[in-house]
Amino acid sequence: MKRKMALCTPIPEKFMGFINEQCDITVCGELKHGKGNVAEEQTRKECMGHELVVLGDEYAGAGTIKAWADSGMKFMGVAKGTPATVDYRAIEEAGLELSYTPGRNRVAVAEFNIGLMICAARKICLAGTGLQKGEHLGQAVQDIYDVPDVKNVVWGPLDENHPFTDYGIGFELYGKKLGIAGYGAIGREVAVRARAFGMEILAYNPYMPAERIEADGSRAVDLATMLSESDMVSIHLPVLESTRGIVNKDWFSRMKPTAYLINTARAAVIDQKDLVEALQAGTIGGAALDVYWQEPIPANHPLLSMRNVVLTPHMAGLTTDVDNWSGTMMGEEIIAYIKGEPRKYIWKVKK
């Protein structure tokens, strides 16, 4: 007799042959209705009575998980790097383990993180937006393809109205020090790429052996050293009770006044008011942020008007490739469960 599986997230075809042989699959949640179109109540109803429940971005609170467990759920998976959309305690109380997909978007976030660093260092977003707004442009011409024969084309003259004067000229990543707060899957991927740019990596992670960090070519340092020496500080911390608001005025006061803060993790680890005040006062040089305390970011937020800040709309972990990585990991978990083999990606409740 086949097992019953409720599937809410895509799994690559290379796994689906075996899974289809072993399971009767009900397509549910966002896989059926589309991204952002499913309420928890609908997910609960659709996934009821299945032995395997595999979620993507769907929410499942304590009541939903208890209902699924009471109706026969034995396997639960969430295809996310941090399964914050489900109630961990309820899963534990049901006597179940939670499969998830750690590091599924580590490459996507790491590449984006480097992009933010370059944009911040070289004023790319500020300058690009300025041109599109009509700043520092030449006079309109009748034929843009009829260009003068000039050997050395420059954006001049270099006066008080020049973009270099207005936006600043920025600095190179080469030879600079990058502080990484949280040397996990994403922090390590950022370090690998930053070293390729010639940066020195100062990694702060008190829960990881120094020799493991230094085997990658990074320096394992304490918090004080990372903050005082780094030209950029990149945040890669999970949101726990112990980390909520940990990046605060104490951190900023110990950073270089020219240093930039980069955050593609979660906004909750940063004290919002302290960051705004540090940027306004020039306590730190600037910031590049992809995540916020409220999303979408409110239209009147002071960050939106700061010229020393690069902002993007929570897109670091989103690429056309991520679903394949998470689907591959989750496919491996499903097959291991069906075969009665140990699973590799089990979420441990953290405090």
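Residues numbered from 1 in each chain as written. Predicted model: local features only at pLDDT ≥ 70, side-chain atom pairs only at ≥ 80, totals over all residues. Heavy atoms only, no water.

1. Here's the deal with the pairing of strand 4 (residues 75–78)
- What you see with strand 4 is no split at all: Phe75 and Gly77 on one side and Met76 and Val78 on the other are buried throughout.
- Summarising the sheet, strand 3 (residues 52–55) and strand 4 pair through four bridges and their orientation is parallel. Paired with Leu55 across the strands is Val78, a residue of strand 4.
- In this region the chain leaves strand 3, passes through helix 4 (residues 62–70) and returns to the parallel neighbour strand 4; the handedness of that crossover is right-handed.
- The parallel pair strand 4 and strand 5 (residues 98–100), bridged by helix 5 (residues 88–93), forms a crossover whose chirality is right-handed. (Buried < 20%, exposed > 50% of the residue type's maximum accessible area, 1.4 Å probe, protein only. Helix = DSSP H or I, 4+ residues; strand = E, 2+ residues; numbered from the N terminus. Pairing = 2+ DSSP bridges. Right-handed = clockwise from strand over helix to strand, strands pointing away.)

2. A word on the nonpolar core
- Ranked by internal contacts, the top residues of the largest apolar core, which has 28 residues, are Ile235, Trp251, Phe252 and Leu261.
- Mapped by element, the contributors of at least two residues to this core are helix 11 (223–229), strand 9 (232–235), helix 12 (249–254), helix 13 (272–281) and strand 11 (286–289).
- Considering each element in turn, this core owes the most residues, four residues, to helix 13.
- Contact partners of Ile235, with chain neighbours within four places excluded, come to Ala181, Val247, Trp251, Leu261, Ile262, Asn263, Thr264, Ala265 and Val269. (Core = buried A, V, L, I, M, F, W, Y, C linked by side-chain atoms within 4.5 Å. Contact = heavy atoms within 4.5 Å.)

3. Quick notes on the sheet that holds strand 8 (residues 219–220)
- The sheet built from seven strands is open, its strands ordered 8-7-6-9-10-11-12 with parallel pairing. Strands at the two margins of the open sheet, each flanked by one partner only, are strand 8 and strand 12 (309–311).
- Of the strand pairs in this sheet, strand 6 (residues 177–181) and strand 9 are connected by four bridges, and their pairing is parallel. Its bridge partner being in strand 9, Ile180 is matched across the sheet by Ser234.

4. A closer look at the pattern of salt bridges
- Under the defined criterion, the tally for this structure stands at 19 salt bridges.
- Among the salt bridges present, the one from Glu92 reaches Arg89, with a minimum N-O distance of 3.5 Å. Separated by three residues within a single helix, Glu92 and Arg89 lie in helix 5, roughly one turn from each other.
- Note that Asp216 and Arg188 form a salt bridge whose closest N and O atoms lie 2.9 Å from each other. (Salt bridge = Lys/Arg side-chain N within 4 Å of Asp/Glu carboxyl O.)

5. Remarks on a nonpolar patch on the surface
- A cluster of nonpolar side chains, contributed by Leu131, Leu137 and Trp155, occupies part of the molecular surface with about 290 Å² of accessible area.
- Summarising the element assignment, Leu131 is placed in helix 7 (residues 124–132). (Patch = residues over 30% accessible without salt bridge, like charges linked within 9 Å, V, L, I, M, F, W, Y side chains within 5 Å. Areas by Shrake-Rupley, 256 points an atom, 1.4 Å probe, with all protein chains shown as cover.)

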